[in-house]
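Each chain, letter by letter, is given below.
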Amino acid sequence: LSSMKPTYESSYIMQDKINEEIVASLISKKWKCDMVRQGHYDSFDYIAMRGDNIVAFIELRSRSHDYGEFKDCFISLTKLLRANELKQTTGLPCFFVVSWLDRSGWVNLDQIFKLKRSGKKWSRRNNPEISELLGSIPIDKFKMFN
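Rules used in this analysis
- Residues numbered from 1 in each chain as written.
- Predicted model: local features only at pLDDT ≥ 70, side-chain atom pairs only at ≥ 80, totals over all residues.
- Heavy atoms only, no water.
- Salt bridge = Lys/Arg side-chain N within 4 Å of Asp/Glu carboxyl O.
- Helix = DSSP H or I, 4+ residues; strand = E, 2+ residues; numbered from the N terminus.
- Buried < 20%, exposed > 50% of the residue type's maximum accessible area, 1.4 Å probe, protein only.
- Phe/Tyr/Trp six-rings, centres within 6.5 Å; stacked < 30°, edge-to-face > 60°.
- Contact = heavy atoms within 4.5 Å.
- 1 Å grid on protein atoms, 1.4 Å probe; cavity = no way out; pocket = protein on both sides within 12 Å on 5 of 7 lines; lining within 4 Å.
- Points joined across faces, edges and corners; volume = space filled by probe spheres on them.
- Nonpolar A, V, L, I, M, F, W, Y, C, P; charged D, E, K, R; others polar.
- pLDDT = per-residue confidence, 0-100.

Chemist: I keep staring at the pattern of salt bridges and nothing clicks. Help me out?
Modeler: As a working rule, side chains carrying opposite charge can pair if their charged atoms are close by. Summed over all chains, the structure comprises 4 salt bridges. Notably, a salt bridge pairs Glu 20 with Arg 37, separated by 2.8 Å at the nearest N-O pair. Linking Glu 20 in helix α1 (residues 4–31) with Arg 37 in strand β1 (residues 34–37), this pair joins segments that are 17 residues apart in sequence. In this structure Arg 37 comes out as partly exposed when scored by relative accessible area, which is 29%. For Glu 21, the salt bridge is made with Arg 37, and the minimal N-O distance between the two is 3.3 Å. Pair noted here: Glu 21 is in helix α1 and Arg 37 is in strand β1, with a separation of 16 residues, a long-range link. One network of salt bridges, with partners in common, ties together Glu 20, Glu 21 and Arg 37.

Here's what the structure looks like:
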């Protein structure tokens, strides 16, 4: 049984990466920039570049439901803190880009969002004993690409 879990996680992660690449391509076209995937331990999924210049940091999220099914989208407080540090240090914007099944949108992270604590039944780390502080972003704050 334990050998089955990594296979599931691997296929899930692979599909998520494919979805992210599709959204990164959309961003590249809309914002006229090159999207460069960052390493696993970097703060944000991508940097946007024009020529040799980094112009933005971008966190991508792929949702498995339509826009409007939930009124909020969440991002970890850790990401919000890092976005603030990056903005203060570099002057560059940090964007949170979300693709729902029916559309994609973005929000600038240079604002204050209401905080929530994740429930014990919901955990990105697959550990029900761990809760996390999250920034709650109303979906109507997102500007749509399509």
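Chemist: I'm lost on the packing of aromatic side chains in this one. Help?
Modeler: Describing an aromatic ring pair means giving the distance of the ring centres and the angle of the ring planes. For the structure on display, the rule yields 8 aromatic pairs. Ring geometry for Phe 96 against Phe 142: centres 6.1 Å apart, planes inclined by 55 degrees, an arrangement best described as tilted. One end of the pair, Phe 96, is in strand β5 (residues 94–99); the other, Phe 142, is in the loop between β8 (133–138) and β9 (143–144), and 46 residues separate them in sequence. Here the aromatic residues Trp 31, Phe 95, Trp 106 and Phe 145 are joined through ring pairs into a cluster of three or more.

Chemist: I tried to follow the environment of Ile 58 on my own but got confused; where do I start?
Modeler: Position of Ile 58 among the secondary structure elements: in strand β3 (residues 53–62). Along the primary structure Ile 58 and Ile 27 are separated by 31 residues, whereas in three dimensions their C-alpha atoms are 9.8 Å apart. Sequence-distant contacts of Ile 58, that is, excluding residues within four places in its chain, are made with Ile 27, Trp 31, Met 35, Phe 44, Asp 45, Tyr 46, Ala 48, Phe 95 and Val 97.

Chemist: Is there a simple way to explain the layout of surface pockets in this structure?
Modeler: Empty space left among the atoms is revealed by rolling a probe the size of a water molecule over them. Each pocket or cavity is described by its volume, and for the second largest pocket that value is around 220 Å³. Surrounding the second largest pocket, 14 residues form its lining, Leu 80, Asn 84, Leu 109, Gln 111 and Ile 112 being those nearest its centre. Looking at the lining of the second largest pocket, the element that brings in the most residues is helix α2 (residues 77–90), giving 6 residues. Residues that form the lining of the second largest pocket fall into these classes: 9 nonpolar, 3 polar and 2 charged.

Chemist: Which parts of the structure should I look at to understand the confidence of the model for the protein?
Modeler: Detail in the predicted coordinates should be disregarded across regions flagged by low pLDDT. On average, residues of the protein score 88 in pLDDT, and 85% of them are at 70 or above. Predicted confidence is poor over residues 1–8, with pLDDT under 50, and the contacts of this stretch with residues over four places away or in other chains come to 0 contacts.

Chemist: Even after reading the chapter, I still don't get unusual backbone geometry, so can you show me in this structure?
Modeler: What you tend to see is this: most non-glycine residues have negative phi, and most peptide bonds are trans. Here the phi dihedral of Lys 32 falls at roughly 50 degrees; this positive angle occurs in a residue that is not glycine. In this fold, Lys 32 is placed in the loop between α1 and β1. Classification of Lys 32 by relative accessible area gives exposed; the value is 65%.

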